[in-house]
Amino acid sequence: SKRAGRNRVTLFKNEMATQAAELLKLERDIMKAMFRDEFYFVLQPLVDSETHQLVSAEALMRWRKDGEIISPGEFIPFLEESALIVDVGERILNAICEYIADLIDRGLMFEGFKIAVNISAKQLARHDFIECVSKVLKKHRVEGQHLEFEITESVALDNKEDTIVKIDMLKKMGISFSLDDFGTGYSSLSHLKDLDVNKLKIDRSFVNDIMHDPQDEKLVRSIIQLARNLDLTTVAEGVETQSQVEWLMLQGEVLLQGYYFSRPLVPEEFEAKYLKQMHV
Ligand code: C2E
Ligand code: CA
Ligand code: CA
Ligand code: CA
């Protein structure tokens with residue numbers, strides 16, 4: 001009836017108003033969080049499948065909000081919708097470069113060690129992104145070789161021509177690139193050929209099922225083969241079990257990342273577990 005229809009509309013309007021209010025609150029909370037420095041990063045190791053030695057680490061953002069730790073899944077999508085991801089992303093990048101400089105100062109840096117940072121579409125799309133990265137590196141006197149950028153295919157393809165140019169410029173600064181969540185987006189071989197990345201990260205959802213789903217097993221095997229043929233390093237993310245590790249080790253050299261080795265750790269823990277042992 002007309003009445004029911006009107007009620008539905010009212011309900012819908014109320015819902016939208018509630019949503020809008022919630023979004024506004026989230027936005028205010030995020031501004032406050034930036035002001036109070038509530039964002040920080042944790043580090044998850046990537047290890048060599050053959051030696052199980054540390055190769056690099058991925059920086060993952062966390063938000064300490066009123067004593068509670070909030071995962072990026074709950075706020076990154078919102079940050080990405082708003083322009084705030086650019087500011088927060090720049091801060092994380094700055095914090096990572098500061099940390100790299102600190103590791104060097106304390107003699108904990110080793111040859112070839114990199115920290116990977118996730119870069120979102122809005123950040124990469126900024127006309128001054130290269131300038132911003134170069135400034136941050138200079139500010140902390142850090143070389144690009146210690147940095148890696150993780151971008152997803154959708155980020156890369158947002159504006160493919162622009163991405164190709166930027167990857168090229170950033171690689172000239174020594175920064176390497178990883179194509180994240182590989183296999184989940186509109187993966188196409190032609191994109192892979194055009195995007196001059198160093199690594200492919202096979203999405204967790206495929207790695208998850210290699211022991212149970214023959215299709216996923218075949219898929220992961222083919223991705224590793226494909227990457228090898230293209231001279232790219234493969235990373236298997238979300239490795240959780242011994243049997244996954246054993247299966248992946250049979251595939252030759254790949255990098256492994258996942259809870260089986262370590263959850264993301266705060267820097268002090270990461271250093272104690274990984275870096276200090278390499279320097280004894
Ligand atoms: P991602 O880049 O795919 O990061 C890997 C996610 O898998 C992380 O979740 C990590 O904690 C989780 N993970 C690692 N090993 C395992 C495992 O063995 N099992 C399971 N179940 N999960 C595992 P996290 O930290 O919650 O981050 C989620 C996503 O948020 C990231 O996915 C990334 O897309 C985004 N993100 C995190 N930090 C940043 C950041 O600084 N900037 C941007 N733009 N995005 C970020
Ligand atoms: Ca990532
Ligand atoms: Ca990923
Ligand atoms: Ca993912």
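In this text the structure is predicted, and so the values were computed from the model without any measurement. Starting afresh in each chain, residues are numbered from 1 along the sequence in its written order. Here every chain gets a letter starting at A, and every ligand a number starting at 1, in the order they are written. Since the coordinates come from a predicted model, pLDDT governs what is reported: local features require at least 70, and pairs of side-chain atoms require 80 or more to be given and counted, while whole-chain, interface and lining totals use all residues. Side-chain numbers here rest on the full set of heavy atoms in the structure, without hydrogens or water.

## Some points on the coordination of the calcium ion (ligand 2)
Each donor-metal-donor angle would ideally measure 109.5 degrees in four-coordinate tetrahedral geometry, or 90 or 180 degrees in six-coordinate octahedral geometry.
Moving on, step 1. As a rule, N, O and S atoms within 2.8 Å of a metal are its donors, except that Na, K and Ca use 3.2 Å; water is not among the atoms, so sites may look incomplete. Within the protein, the calcium ion (ligand 2) binds to Glu58 (OE), Asn118 (OD1), Glu150 (OE) and Asp180 (OD); these donor distances fall in the range 2.1 to 2.4 Å.
Moving on, step 2. Motif for the calcium ion (ligand 2), donor spacing along one chain: E-x59-N-x31-E-x29-D.
Moving on, step 3. The distance between the calcium ion (ligand 2) and the calcium ion (ligand 3) comes to 3.9 Å, with aspartate 180 serving as a donor to both metals. Of this pair, asparagine 118 sits in strand 4 (residues 114-118) while glutamate 150 is found in strand 5 (residues 147-152), placing the two residues 32 residues apart along the sequence.
Moving on, step 4. Here glutamate 150 falls in the buried class, since its relative accessible area comes to 2%. Numbering of helices and strands runs from the N terminus, with a helix taken as a DSSP run of H or I at least four residues long and a strand as a DSSP run of E at least two residues long. Relative accessibility decides the category of a residue: with a 1.4 Å probe and only protein chains considered, values under 20% of the type maximum give buried, values over 50% give exposed, and everything between is partly exposed.

## A closer look at the site of ligand 1
Moving on, step 1. By convention in these notes, a residue is near a molecule or strand provided one of its non-hydrogen atoms lies within 4 Å of it. Taken together, 19 residues form the shell around ligand 1, and within it Met61, Arg62, Arg204, Glu240 and Tyr259 come nearest.
Moving on, step 2. Nitrogen and oxygen atoms within 3.5 Å of one another constitute a polar contact, given that in protein one can donate a hydrogen and the other can accept it, and given that sequence-neighbouring residues count only through two side-chain atoms. Between a nitrogen atom of ligand 1 and a side-chain N or O atom of glutamine 44, the distance comes to 3.0 Å.
Moving on, step 3. At a separation of 3.0 Å, a nitrogen atom of ligand 1 approaches a polar backbone atom of methionine 61.
Moving on, step 4. Shrake-Rupley sampling with a 1.4 Å probe provides the accessible areas, and residues are treated as covered by the protein chains on show and by no other component. Considering ligand 1 on its own, with 800 Å² of exposed area, one finds that the protein chains cover 83% of that surface.
Moving on, step 5. Listed by contribution, the elements that provide at least two residues to the shell around ligand 1 are strand 2 (54-65), helix 2 (72-81) and strand 6 (176-182).

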